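Each chain is listed here by its residues.
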Amino acid sequence: MMDFLPELLSLFRVNAGEHLDTIRTALSCGDLPVAATAAHTLKGMSSVVCATAVQELSGQLEDLLKTSDLSSALVVLGDLEAQLARAIASLNSPPAP
């Protein structure tokens with residue numbers, strides 16, 4: 001069962017950043033539904049790898065975008081970017097001995 005874990009984590013590293021880019025691009029174009037869909041996908045991916053903070057913030061962002069609360073969504077997006085950077089940095093760190 002553990003054989004797929006490194007690949008799963010690698011996919012998260014790559015795809016999470018791509019979904020974050022999709023959110024940013026969609027927001028810059030005013031396309032809230034696309035941004036909400038990308039946030040939803042990021043929420044699901046984060047739950048699979050137990051990146052709880054990223055999962056929670058993605059869910060908050062999704063909800064805010066669905067209600068068109070753009071100003072609050074931008075604040076959460078900043079928090080999400082920081083938490084995702086921390087999660088990826090953690091995945092890139094060598095395991096403790």
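Peer 1: Sorry, what's going on with the packing of helix α3 (residues 52-66) against helix α4 (residues 70-92) here?
Peer 2: If you want to describe how two helices pack, look at the angle between their axes and the distance between the axes. For the pair α3 and α4, the least separation of the axes is 9 Å and the interaxial angle reads 160°. Here α3 lies roughly antiparallel to α4, going by the angle between them. You can see that α3 and α4 cross each other, and the crossing is left-handed. Residues Ala53, Val54, Leu57, Ser58, Gln60, Leu61, Leu64 and Leu65 of α3 touch α4, and the partners they reach there are Ser72, Ala73, Val76, Leu77, Asp79, Leu80, Gln83, Leu84 and Ala87. Tallied by class, residues from the contact of α3 with α4 come to 12 nonpolar, 4 polar and 1 charged.

Peer 1: Mind showing me how you'd approach the environment of Ala36 here?
Peer 2: Relative to the elements of secondary structure, Ala36 occurs in helix α2 (residues 32-48). Separated by 28 residues in the primary sequence, Ala36 and Leu64 place their C-alpha atoms 8.3 Å from one another. Sequence-distant contacts of Ala36, that is, excluding residues within four places in its chain, are made with Glu62, Leu65 and Lys66.

Peer 1: Please explain the packing of α2 against α3 as it appears in this structure.
Peer 2: Two numbers describe how α2 lies on α3: the axes approach to 8 Å, and their chain directions differ by 160°. By the criterion of interaxial angle, the relationship of α2 to α3 is roughly antiparallel. The interaxial crossing formed by α2 with α3 has left-handed handedness. Residues Leu32, Ala35, Ala36, Ala39, His40, Leu42, Lys43, Ser46 and Ser47 of α2 lie in contact with α3, whose contacting residues are Val54, Gln55, Ser58, Gly59, Leu61, Glu62, Leu65 and Lys66. Among the residues making up the contact of α2 with α3, the classes are represented as 8 nonpolar, 6 polar and 3 charged.

Peer 1: Help me understand the nonpolar core, please; the structure alone is not making it clear to me.
Peer 2: Most often, soluble globular proteins keep nonpolar side chains buried together rather than apart. Of all hydrophobic cores here, the largest spans 28 residues; its most connected members are Phe12, Ile23, Leu61, Leu65 and Leu80. Sorting the residues of this core by element identifies α1 (5-28), α2, α3 and α4 as the ones contributing at least two each. Ignoring anything within four residues of it in the chain, the contact list for Leu65 reads Leu27, Leu32, Ala35, Ala36 and Ala73.

Parameters and conventions
Residues numbered from 1 in each chain as written. Predicted model: local features only at pLDDT ≥ 70, side-chain atom pairs only at ≥ 80, totals over all residues. Heavy atoms only, no water. Axes fitted to C-alpha atoms, helices over the stretch in contact; angles between N-to-C directions. Helix = DSSP H or I, 4+ residues; strand = E, 2+ residues; numbered from the N terminus. Parallel < 35°, antiparallel > 145°, perpendicular 65-115°, else oblique. Left-handed = near helix turned anticlockwise from the far one by under 90°. Contact = heavy atoms within 4.5 Å. Nonpolar A, V, L, I, M, F, W, Y, C, P; charged D, E, K, R; others polar. Core = buried A, V, L, I, M, F, W, Y, C linked by side-chain atoms within 4.5 Å. Buried < 20%, exposed > 50% of the residue type's maximum accessible area, 1.4 Å probe, protein only.

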